[in-house]
Amino acid sequence: MDNTTQKTLAEILQRHGGDGTRLMQILRETQEALGWLAPDTLTDIAKGVGVPRARVEGVAGFYSFFHTVPRGRYRILWSDNITDRMLGNGDLMQSLCRRLWLEPGRVSEDGLVSVDFTSCTGMCDQGPALLANYRAVTRMTEDRVEQMAGLIRDQVPVADWPADWFRIEDNVRRADILLKNAMRPGEALKAALAREPEADVETASNARSWREGVHAQAHGPSAVLEEIKKSNLRGRGGAGFTTGIKWEACRHAPGDERYVVCNADEGEPGTFKDRVLLTRQADLVFEGMTVAAYVTGARKGYLYLRGEYRYMLEPLNEILARRRDAGLLGVKILGRQGFDFEIEVHLGAGAYVCGEESALIESLEGKRGVPRNRPPFPVTHGFLGKPTVVNNVETFAAAALIAAKGGEWYRGMGTAKSAGTKLLSVSGDVARPGIYEYPFGITLREVLADAGADNAQAVQVSGPSGLTAADNEFDRKIAFEDIPTAGAFMVFDHSRDMFEVARNFAQFFAHESCGFCTPCRVGTSLLKNLMNKIGEGHGTQADINEIYSLSRLLQMASHCGLGHTAPNPLLDTLDKFRPAYERRLKSLDFEPAFDLDGALARARQMTGRDDAGAHLAESK
Amino acid sequence: MSDQKTFLLDGREIPFEPGQTVMQAALTAGVFIPHLCYHPEFRPHGSCKLCTVKINGRPATSCTMPAQAGMEVESDTAEIRDKRRALVQMLLVEGNHFCPSCEKSGHCKLQALGYALGVMTPHFTHFFPDRPVDASHPEVLLDFNRCILCELCIRASSEVDGKNVFALSGRGLKKHLIVNAESGRLADTDFQATDKAAQVCPVGVILAKRKGFAVPIGQRPFDASPISAQAERYKPVAPAPKKEA
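Residue indices begin from 1 for each chain and proceed along its sequence in written order. The order in which chains are written sets their letters, starting at A; the order in which ligands are written sets their numbers, starting at 1. A pLDDT threshold of at least 70 governs which residues receive local features in this predicted model, and a stricter bar of 80 or more applies before side-chain atom pairs are shown or counted, although totals over entire chains, interfaces and linings include all residues. Working from all heavy atoms in the structure, the side-chain values ignore hydrogens and water.

1. Here's the deal with the overall build of chain B
Assigned secondary structure in chain B consists of 5 helices and 10 strands. Using C-alpha atoms as the atom set, the radius of gyration is obtained and then compared with a globule rule of 2.2 Å times the number of residues to the power 0.38. In terms of overall dimensions, chain B is globule-like: its C-alpha atoms have a radius of gyration of 18 Å, near the 18 Å expected for 245 residues. Each principal axis of the C-alpha atoms in chain B carries an extent, and together these give about 55 × 45 × 40 Å. Relative accessibility decides the category of a residue: with a 1.4 Å probe and only protein chains considered, values under 20% of the type maximum give buried, values over 50% give exposed, and everything between is partly exposed. Each of the 245 residues in chain B was classed as buried or not, and the buried ones make up 54%. Residue contacts follow a heavy-atom distance rule, with two residues in contact if any of their heavy atoms lie within 4.5 Å. A separation of at least 24 residues holds for 65% of the contacts in chain B among residues at least 6 apart in sequence. Using a 1.4 Å probe, the Shrake-Rupley method yields the accessible areas, and only the shown protein chains count as cover for residues. As presented, chain B carries roughly 11200 Å² of accessible surface, and 53% of it is formed by carbon and sulfur atoms. Counted as positive: Lys and Arg. Counted as negative: Asp and Glu. His and the chain ends are not counted at all. Think of each charge as sitting on NZ of Lys, CZ of Arg, CG of Asp or CD of Glu. Computing the positive centroid from 29 side-chain charges and the negative centroid from 26, chain B places the two 2 Å apart. What counts as a helix is a DSSP run of H or I of at least four residues, what counts as a strand is a run of E of at least two, and both are numbered from the N terminus.

Right, dumping it as structure tokens:
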């Protein structure tokens, strides 16, 4: 390790105070500065943060965006969601590789560049998308591929690539209360601080101060909590837990430190609404977090931003700085004695499982993103073992509106069991992909009509872990009592092969399984291999039966929601689009997965032969 | 005894002390629940999922689930045995396991559970992973081919030995055991054959060198009786005291 490298590393470590819980940010900043995380770099980081080296290596090895082997000075990662595939990402990637004389996944001989796939980058409405050295690029075309290959060969820094490539559209197609919000920063917070409890909700819990020593003003928080509860707001991340109850549980949990965490690890393929909320309404989201801090008594908050949204880090930090200057963050917020709150953005590094709240907390603590055993739940034992509220971006934005305008107002929208509005990320075979905000209760058919999908065969609601809805279900409603959703809405027209949709999702889950528990670690890969076997024309009915039996095992024995929901797209498509599978099956009772002729492909490539004699007679 | 709290396990009444998990109570009462990542001396982990049971009809991990009075627990049912068999088969195809030539044959828990659960074939397609062997240490061999990722060596090294010799890296099917050295070699760590971590591997990853087949095949613990009849061996005990690092 040379002197400059050592100096860079020392600076990074110093900036983070050698704090092991900040390991993710230390690793990311180190990699941004040095290109990759070399063995001696990891040793130095481990010394710097006082954590065993193997544990640091374990963290670096967990996240897709950290490299412990060199990955080239240019790292191109193509988003591989099904919507990217439908827009032709496969051919474009092959073309880029050809132009660079590269094999996918391999680093070029001169160490200049590598090209690979990554999970959905959240640009489904403007794909095919990719990450160039972790900066989001949208709307790839063959022309851009050609130019990009040239820029890489000429070693032009990514920062000097055409700015238009990095332009990210919001594509807001339908706005309601959240996206139309025009409140100025601080307005919702002022309204929250102005709330005093109504006499009849003055309960014993109010007397228990949310923060010791400020009894005189302790009534306000409980009044705000009452509004949140009255609103019947439910979590927007998919699970739909009642927000008021979560906040109350955290507020009442024993402990002197509390945390508020905003889950912006929007990893569910096909979901990109948090990206737009954080682009257009970041103040509202931060305000919602600050309201949560006011209610629960938290002094510190984190926004866990997915690594794919790296480009948002600086803009979000600027907004936080502005809020600090305006007295909306920091000590004595809006002059209220004892109301201190800080927010920090924590950047993830490519791990879908971190969207699970306890895995997200592990990751925030600088560890591998593995879901915890529950109970205990984060509201009592969260970040650093302290009571922690974890909510989705959209939940916090809604909470800020409720704090300002009241629970009754909010409850007036949506359906009886699903109050308010929901943002949908619409992509796939539609004329107008983008963000649609509707009151709950909208039918799939209405969304399809608005988005201009006149030939829809199916909709994948809430991403791979959600529901594959066939056309006889298009009158079902987006609502907790019918189809709950985190927001993804991927449309497939009749030209699409639903088997390939399911296969893409099976590959996704196998790639993203954290590997903690046996059924999910091995089972998601077995499911992927079965789908590949069927896809390659070697499947039989026995493989379909095997998918069912593995699915039951994953649903029963997996450690967390990832494993429980991974079989959903396979079971749904098997149920509703059976012919897509059956036309691929061999009619034989038994078909070996092993393709004898295929096994000779490598020998043919090496010998440059492709004549009839180099093929086994009976195949194809 | 009238105020002793109990739950039902496959119709049998199992007494438990407050704070005990379903697994601990069952083993104390002499009822075996299959497990791999559980160890009587360590905090439960809940990753292998072999101990999955149904509690009041809902699936749960018995090694992490606190016992509660009146629970109705199903464990040894045809449905659950099927699932457990599949989990053992998953572990067998995930690694490279060759029982006939393995020093741990006869005291390997994975093999013993294979017999107990009626694993006649691997059933699934083998992954045949490429996993190296680490023979660098003078006294101990690491054969990663057999690793089932139970993390017992990790826990033992950190919680008892105070050393942190082992950790995990990678994710999903690529998750793997690593050692605490820049070279990646066990010889370059502070590991010793006398460490607790050297004694807890339920399979054949961590093996003492020059001690091959000291106990003849046929006289090993699981040769005498099936693991399911040896609940006694796994009764919870007080955790080993942590050594000064």
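2. Details of the confidence of the model for chain A
One number per residue, pLDDT, summarises how confident the predictor is, and it ranges from 0 to 100. Overall, the prediction assigns chain A a mean pLDDT of 93, with 95% of residues at 70 or greater. Under a pLDDT of 50 for its full length, residues 199-217 of chain A has, in the predicted model, 40 contacts with residues more than four places off or in other chains.

3. As for the pattern of salt bridges
All names here are of chain A. Here a salt bridge means any side-chain nitrogen of Lys or Arg lying within 4 Å of a carboxyl oxygen belonging to Asp or Glu. This structure, assessed with the given rule, holds 62 salt bridges over all chains. Arg 372 is paired through a salt bridge with Glu 362; the nearest N and O atoms lie 2.7 Å apart. Taken as a pair, Arg 372 in the loop between α15 (357-364) and β9 (388-392) and Glu 362 in helix α15 lie far apart in primary sequence, 10 residues in all. Between Arg 609 and Asp 611 there is a salt bridge, and its shortest N-O distance comes to 2.9 Å. Arg 609 gets classed as partly exposed once you look at its relative accessible area, which sits at 41%.

4. Digging into the environment of Ala 187 of chain B
Residues and elements named next belong to chain B. Here Ala 187 lies in the loop between β9 (176-179) and β10 (206-208). The spatial distance from the C-alpha of Ala 187 to the C-alpha of Leu 110 is 27 Å, given a sequence separation of 77 residues. Ala 187 has contacts with Ser 136 and His 137, leaving out every residue within four places of it along the chain.

5. Remarks on the interface of chain B and chain A
Contacts between the two partners involve 39 residues from chain B, matched on the other side by 40 residues from chain A. Together, the buried faces of chain B and chain A total about 3100 Å²; carbon and sulfur atoms form 60% of this surface. When the area that chain B buries against chain A is broken down by residue, the three leading residues are Met 90, Arg 171 and Glu 182 of chain B, summing to 24%. Between chain B and chain A we count 2 salt bridges in total. Glu 94 of chain B is paired through a salt bridge with Arg 521 of chain A; the nearest N and O atoms lie 2.6 Å apart. Two N or O atoms count as a polar contact when they lie within 3.5 Å, although within protein this holds only if one can serve as hydrogen donor and the other as acceptor, and sequence-adjacent residues are included solely when both atoms are side-chain atoms. In this assembly, chain B and chain A are joined by 22 residue pairs in polar contact (both at pLDDT 80 or more). Ranked by residues supplied to the side of chain B that touches chain A, first place goes to helix α2 (residues 78-94) of chain B with 8 residues. Accessible-area loss on putting two parts together, using a 1.4 Å probe and summing over both, is the definition of buried area adopted here.

6. Let's talk about the sheet that holds strand β5 (residues 172-174) of chain A
Strands in a sheet are paired, the pairing made by backbone hydrogen bonds, and the direction either parallel or antiparallel. Residues and elements named next belong to chain A. Only strands that DSSP links by at least two bridges are regarded as paired with each other. Taken together, 6 strands build an open sheet; the order of strands is β5-β11-β10-β14-β12-β13 and the sheet is mixed. In this open sheet, the two strands that pair with only one neighbour each are β5 and β13 (467-470). Neighbouring strand axes in the sheet, compared pairwise and without regard to direction, differ in orientation by 30 degrees on average. Convention adopted: a line fitted to C-alpha atoms gives each axis, helices being fitted over their contacting stretch, and angles between N-to-C directions are expressed from 0 to 180 degrees. Contacting β5, β10 (421-428), β11 (434-439), β12 (456-461), β13 and β14 (488-493), helix α18 (residues 444-451) crosses the sheet at an angle of about 140 degrees to β11.

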